[in-house]
Structure formats: structure tokens, C-alpha cells
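# A look at the structure
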Amino acid sequence: MDISKKQTAILQKFAPYIERFDARSFVWIFLLSLVILVGLYALIQQIVEGHVVTGMRDNVVWGLYIVNFIFFIGISYGGAILAGMLHLFKVPWRRPIMRIAVLTAFISALIGPIFIILCIGRFDRLHYLLIHARLQSPIFWDVVAISTYLIGAILFMYLLMIKDFAIYRDSDVLNLPPWRRNLYRALSLNYQGTESQNKQLAISKNLIALIMIPMVVVVSSVLSWIFGMTLRPGWHSTIFGPYFVLAAIYSGAAVIVIMMWIFRRAYKLKDYLTDKHFAYMGYILLSLGAGYGYFTFSEYLTSWFGSERWDSEVMEKLFNPAEYGWWFLISNIFSIIIPIVVVAFKKLRTPNLISLAALLLVFGMWVKRYLIVVPTLETPLLPIQDTRPEYIHYSATWVEWALSFAGLATFILFFIVMAKLVTIVTVSDYTEKER
Amino acid sequence: MSELSENGRRDFLKKGALGVSLAAWGQLIFSCSSGEGGEAAAEASDTVKLLTPDGELVEVDKKHLKHIHKVEKISQQEARAGIPGKKFVMVIDLARCNNARKCISACQAMHHLPSEKEWVTVKLMKDSKDGAPYWFPKTCFHCDNPPCVKVCPVNATYKRQDGLVLIDSERCIGCKFCMTACPYSTRTFNWGEELDIPADTETHPHNPETSVPSRPGTVEKCDFCPDMVRMGKLPDCVTACPNGVFYFGDQNEDVVTNGSETVRFSQLIKDRSGYRYMEDLGTEPRVWYLPPRDRIFPVERGYESLPDEVKERYKNVGLDG
Ligand code: SF4
Ligand code: SF4
Ligand code: SF4
């Protein structure tokens, strides 16, 4: 197919990054693999000894694993819905961001569900979820939601890559080994850029982008209902659906900003990911942050003001500095106040500061998920009358931490690998007529 | 009343026995764990006489006796359907409980549970700062609108027509969703791969009605002892309680008994203002409570003689002063 001059220039720029692994990526891959290996060792411990090696016990039955699950799957939902919107609304500045967004969605969608499997006492019986499925269980809804979503996310990412695969296949700028050419040939599905192919592809892309938006709303609401459907203070809340949807988009947007920053530095992409792009993403963060802050405020205000007995007990734990008070404060400052302030003031609205704010935001959101899961489980309706400290307070063990960091390492590792396979900006989007 | 009680009781037993004769009452089967009987028997305070298979009469320390389930083999279908025509119900008389904790140990012995695992717990409750403290024994409530059952993704925990909520440990995937859904902290989880249970229970045919043997990575809880009921007996916690706190019976027949006294369920609830715990949650428990009015023990009685470790648990209520 025809590759324009502009696209050739872009390919030339990216050639060193996708042609081979340089020493720096090898160091990274090595370090990340070490982290993952430690995680695997922890996993073996957990399989051999059982879940006693975790900090979870009869009161706090869900811990870091569920926190990480909501965290990663939320990031994925966020990446997907943002990519869908940017694509559908033909946002002019989307070109260098789309690829990062769909990769974020795809990779975290692979990692999130792993944590569910880690949390399940009998993952040897995982297939029971299908053969003995029970429609009225929110977990079943989530199984359906996540698998549907995963297919959608993969399709979405793939459709957005087909043109690029054809370009890599046909380009003579790239010096690729034959197996990679063959791979691209297979992946490009014989796309030649003919009129009818173009039209079909455009329609499919629009369609899947359109589907992704309501799908993300549905699937992240389903996720929230795992909590919302229980009779537990701090969970049994009607606001949880939209709250989770918004939190997911918010954390997804922040991760996209972080990845933009990393690639801009690592690949020297200042001409592609300009200050403008960061500012625009910053505006998105600002509006989402305001919405998220509003939800947070109304959720806790109503619980605190109404001060029903059980609600108050959870609130007390969240507000008390001796329990979760500091974390509650940090989570709200990091994930609401700092991003809004950084983006609101022109002086602070620099790529570095926005990315730093995004990093803090993502951390704050992780803490927030912890504060949703653990304090509620530590506050059952009947008093815990036990003397074993691990039955009263949850504290994650090294096994859970090792596996959590392994999850993070896998995320980065997959990103490095994917960034070798495809260019981090969508080459085919840079046509002559646009800009 | 007493005449009615006698009749009611006989009626309950007859129907509850399901074909097993009244002799079943004495049928608790003991086996002597061999070998180590010798030295302990010398200082035994609590002994029983037993007839060995070769006709010899021996006296053994109760400590060396071990309950063995005598279960008729129940099919999975039967275990899921429930005992036809029954609607089991429990009434717990808070006025009689002095935290003797015999229900706990009996239930643990019957289900081969480690000492920390309590399917029936006795909480020390105080509903408000200036309210009166009271002992609160709690089994699974076998709710009629059970949140735990609603959330189970694989139908491992289920509601039967006789009112029981049971768990099939061969089906449970250990997602623990039911544990977060149960508002009464009823369910326990087998956290370790190595369970602290006697190896011989492994050979016991697994059945949701006996909840034995335990399976690692799955959820367990009080099962209302339907295996005992099928033999025409009362659940172990009921018979073990020295104060007759637990009444167990069939709501269809409107009869409950604590082993020594048999009464009309509806009358008991009416006379003693029975209530269900946290009725406002809409879970419709099958366990009723009789308020701790005219108590036969001062509440401290259940506290003073406790080992320190157990005393420590009740610190949040603070009977110490
Ligand atoms: S008490 Fe808890 S475990 Fe028992 S039936 Fe009710 S909700 Fe389920
Ligand atoms: S832990 Fe077992 S019984 Fe409970 S909801 Fe999950 S599969 Fe069902
Ligand atoms: S009814 Fe059976 S399982 Fe339940 S507490 Fe009593 S003895 Fe234990």
C-alpha cells in the first residue's frame, strides 16, 4: 500500500525502537522479570500453604488482591472509554495518544482479572463459574462483563492497528527480520488501502468505538455492584455505580498521561507529544477530578451527616488519624486537590507537573480502593470478639505485596514488549492532509 | 401446657425421626481411640461404661471418646432438596445463657473443627452505652431471604425447602462473596491448605448435610445438623447446653424442644416476645431470640470463670468495671 512521505519520516524516527531491543530495554526487562519471579515464588507459597500466607482472615476476606483488581480493571476501562471518545468525536489532537490509550486498556485488562484468580480459594475450580453459573450472582455478571469487555478491548485495539500493520509490512524503511514481516503480513489481514477496505475499516472502527463507551459504563457499574449489592456500611450505596465509572475513567486518563510522559522522554517525542497534548489531557483530568471530588464529597457527606450507627463506625475509622485518617486525607489530596490545582493554574500546567500530578493521582486512587475494601470489612455489623490480631485488623503480607508488585511489573513489561511490536503513535493516522 | 408439651414432643420426635426409632436417642456412637487409654484413665473424673464388640464391659475416660457420624448415605439431590414437609426453626433463650460455651465445644467436636473455629459463637452484647449487657449465642440464622445464597456464583451455597442454608464444599470456589454478603459474620473460611482436622474424617463421605470433612479454600458454617435430625436427634449445640438455651424444632408442626422441654413455637414467641435479630435487614432469619428478661444468671457469671484468653475477647463490652 502507499506510504506517504510523512509516514516514512515517522517510520524512520521509530525504526530504532521497533527494530530491535536495545541495551536499556534489556536491563528493564531483566529487572521487571526479577520482580515477577519473586511474585511467582510468592504464588507458589500461596498454592502450597493455602491462603493462610495472606493477611486475609474471616472478617477481612478480601484484601490487596481485590484492591489491585479494581485498580487495574478501572485503568483499563478508563483507557478504553477515553480512546473510544477521542476516536468517535474525531478529536483533532488524538493522534499521538490513541495508541497509548488502547495499549493501556488492553494490558491492564489482562492483569486485573489475574488478581481475582489469586483471591479465589479454589482456582482449580474456576471453570465452575461457567459450568455451574448462577445468573443472580453479581460475580456472574462480572464474569460476563469482563470477558465481553476483554473481547471488545482486543478488537478495538486491533482494528486501530490494522493499517499500521500493513504499513510495517510494506515499508522499506524498517529493517525487520522475515518473521516479523510475516507476522505483520498475517496481522494486517491483507489490508491494501483500497477504497472498499478503507470504508469497511472506518465503519468497523467507529462501531467498536461507539460500543466501547456504553460497554465501559455497564461493566464498571457491574464491578461496583459487587460491593453495592451487599448489606455492608460503606458499600451498600446507590452512588457506587456512577462513582466507579467516573473513578475508572479518571485513573485511566491519569495512567495515559504517565505513559505519554515516559514515552516522550524515552523516545524523544517532543514533536509528537507536545505540551499542548499534556495540557489537553490535563483539562480532561481536571473535569473528571471535579466530578470525582463531587461524588466523593456527596458519598461521605450523606453517610456522615445521616450518621446511622454502622455508617458512623466506618466513617469514624476513615476520619480517625489513628486508623485510616491519614490515608483518607492523602488519597483525597492526591486524587482530587493536587490534579485540580496543577491544571487550573497556567504556571503549573507543564507536562512534568501534570504527569507528576497524574502519578500522585493514580497512587491516591489505589489508596482509595483500599479504603473502600478494607475498613468496611473490618466493621461487621456484629462486633468482632476475637483476640487474634489478624482477625481484627487486616495487614497485607509479603506474599500479597510481592504479587501486587509483580502485577505492576507485568504491566510495564507488557508495555515495553508492545512498544517493540508497534509504534507508539499510530503512523497511519498521519495523513498528508491533516496538519 | 405440660400435657400438650409431652404430646408435642412425641409428635416432633416421631416425625423428626423419619423412620428411625426412638432408640436413636441413645444411639450416639462412641469409639475408643485405641492405645493411649492407660495412664489417663487412672485420674479420670468423667468416665463412661462401654460394651466392647467381644462383650466386655470397660470404663473409659470421656476425653478419649470421639463422636463418629452415623449417617445414612444421602444423595446430593436429597441434600439439596431438604427434608420434605419440614421447616426448621431455632429459638434461643437469652434469659438462660451464662456463656457456658458447651454449645461451641459440642459443635466443634461433632464437626471436627479446630478450637479457634466456632460455627456457633457467644458474643457479649450491649446494644447501647447505658444498656444492659447480655450473652448472645449465635448460629447461622438460615435466613429465608439469604444474602449469602443470592451472591454465590456457582450455586455452592443454597436454600432448601426445609429452610436450611447449606454449603457444598465440593462445589465452592472460595470466592468469599457470601462472607461479605452475610451481615451476621456467620461464615468461616478454611485458610490453610493443611487443615487441623483428624485424618480419618477424610474417608467420611462428603456431604453438605454433615459439613465433614473440611475442604481447604472453601467456606463453612453452622449447618443446623440435618444429619442429626434425620436420625431423630437434636443438633449438638442444643443437647450440649446445660441451661437449655437452644430450642430446635419444626415450624410446620409448630413445635420446638430444647431436649428437656417441648413447647409450641408460636406460643413461646408470643409469651416471651420473641424477636429476630436485625429484622430491619430483611433477611428473614429462621432463628428467633427470647429477650433476656428475668434472667436466671447474672451476666457476670458467664465471665468470671473464663480463661484469660477468652476474657480478652469481651474487652469491648468491658464487664470488669
Ligand atoms: S446468617 Fe448469614 S450465612 Fe446464615 S443464612 Fe443468613 S446470611 Fe446466610
Ligand atoms: S465462597 Fe463458595 S459458597 Fe461462598 S459465594 Fe463463593 S462459591 Fe459460593
Ligand atoms: S446447629 Fe449444628 S452446626 Fe449449628 S451450631 Fe449447632 S451443632 Fe453447630
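Quick caveat, the model's predicted, so the values are computed rather than measured.

Reading the values: rules and limits
- Residues numbered from 1 in each chain as written.
- Chains lettered and ligands numbered in written order.
- Predicted model: local features only at pLDDT ≥ 70, side-chain atom pairs only at ≥ 80, totals over all residues.
- Heavy atoms only, no water.
- pLDDT = per-residue confidence, 0-100.
- Contact = heavy atoms within 4.5 Å.
- Core = buried A, V, L, I, M, F, W, Y, C linked by side-chain atoms within 4.5 Å.
- Buried < 20%, exposed > 50% of the residue type's maximum accessible area, 1.4 Å probe, protein only.
- Near = heavy atom within 4 Å.
- Nonpolar A, V, L, I, M, F, W, Y, C, P; charged D, E, K, R; others polar.
- Phe/Tyr/Trp six-rings, centres within 6.5 Å; stacked < 30°, edge-to-face > 60°.
- Helix = DSSP H or I, 4+ residues; strand = E, 2+ residues; numbered from the N terminus.
- Lys NZ or Arg CZ within 6 Å of the ring centre and 35° of its normal.
- Expected span 1.5 Å × (residues − 1).
- Bend = angle between axes of the 7 residues up to and from the residue.

Once that is clear, we can look at the confidence of the model for chain B. All names here are of chain B. With 79% of its residues at a pLDDT of at least 70, chain B reaches an overall mean of 83. Overall, residues 1-44 carries pLDDT values under 50, and its contacts beyond four positions in sequence, including any with other chains, amount to 60 contacts. We note a pTM of 0.89 for the whole complex and an ipTM of 0.92 for its interfaces.

Among the nonpolar cores identified, the biggest contains 165 residues, and Trp62, Tyr149, Phe227 and Ile424 of chain A are the most heavily contacted of them. Counting residues in each nonpolar core, the second largest holds 51 residues, with Tyr184, Cys241, Val287 and Leu319 of chain B among its members.

Turning our attention to the site of ligand 3. Surrounding ligand 3, one finds Cys107, His111, Trp119, Val120, Thr139, Cys222, Asp223, Phe224, Cys225, Pro235, Asp236 and Cys237 of chain B. Each residue belonging to the shell around ligand 3 can be placed in one class, and the counts come to 8 nonpolar, 2 polar and 2 charged.

Now for the packing of aromatic side chains. Under the criterion given, the structure shown has 55 aromatic pairs over all chains. Seen in terms of ring centroids, Tyr280 of chain A and Tyr283 of chain A are 6.3 Å apart; in terms of plane orientation they differ by 50°. Their pairing is tilted. Here the residue Tyr280 of chain A and the residue Tyr283 of chain A both occupy positions in helix H10 (residues 275-306), the gap between them amounting to 3 residues, near one helical turn. According to the relative accessible area criterion, Tyr280 of chain A is partly exposed, its value standing at 26%. On the basis of relative accessibility, which here comes to 38%, the residue Tyr283 of chain A falls in the partly exposed class. Taking 5.9 Å as the distance between ring centres and 75° as the angle between the ring planes, the aromatic pair formed by Phe265 of chain B and Trp288 of chain B counts as edge-to-face. In this pair, Phe265 of chain B is assigned in helix H9 (residues 265-271) and Trp288 of chain B in strand E15 (residues 287-290), connecting sequence segments 23 residues apart. Both residues of the pair, Phe265 of chain B and Trp288 of chain B, belong to the buried class. Three or more aromatic residues joined by ring pairs make a cluster, and in this case those are Phe14, Tyr17, Tyr65, Phe71, Phe72, Phe115, Phe263, Tyr267, Tyr272, Phe411, Phe415 and Tyr430 of chain A. Geometry around Phe189 of chain B places Lys176 of chain B over its ring, the cationic atom sitting 5.2 Å from the centre.

Another aspect to go through is helix H6 (residues 138-170) of chain A. Across its 33 residues, H6 of chain A extends 48 Å between first and last C-alpha, which sits within 8% of the 48 Å expected from 1.5 Å per residue. Within H6 of chain A, the axis deviates most sharply at Ile162 of chain A, by approximately 40°.

Moving on, we get to the environment of Met161 of chain A. Residue and element names in this part refer to chain A. Looking at the secondary structure, you find Met161 in helix H6. By relative accessible area, which is 3% here, Met161 ends up buried. For the pair formed by Met161 and Ser428, sequence separation is 267 residues and the distance between their alpha carbons is 8.7 Å. Leave out the neighbours within four places in its chain, and Met161 touches Arg99, Leu103, Met418 and Val422.

Right, let's talk about the site of ligand 2 for a bit. All residues in the neighbourhood of ligand 2 are listed as Cys152, Pro153, Val154, Ala156, Thr157, Cys172, Ile173, Gly174, Cys175, Lys176, Cys178 and Val219 of chain B. In terms of residue class, the shell around ligand 2 is built from 9 nonpolar, 2 polar and 1 charged.

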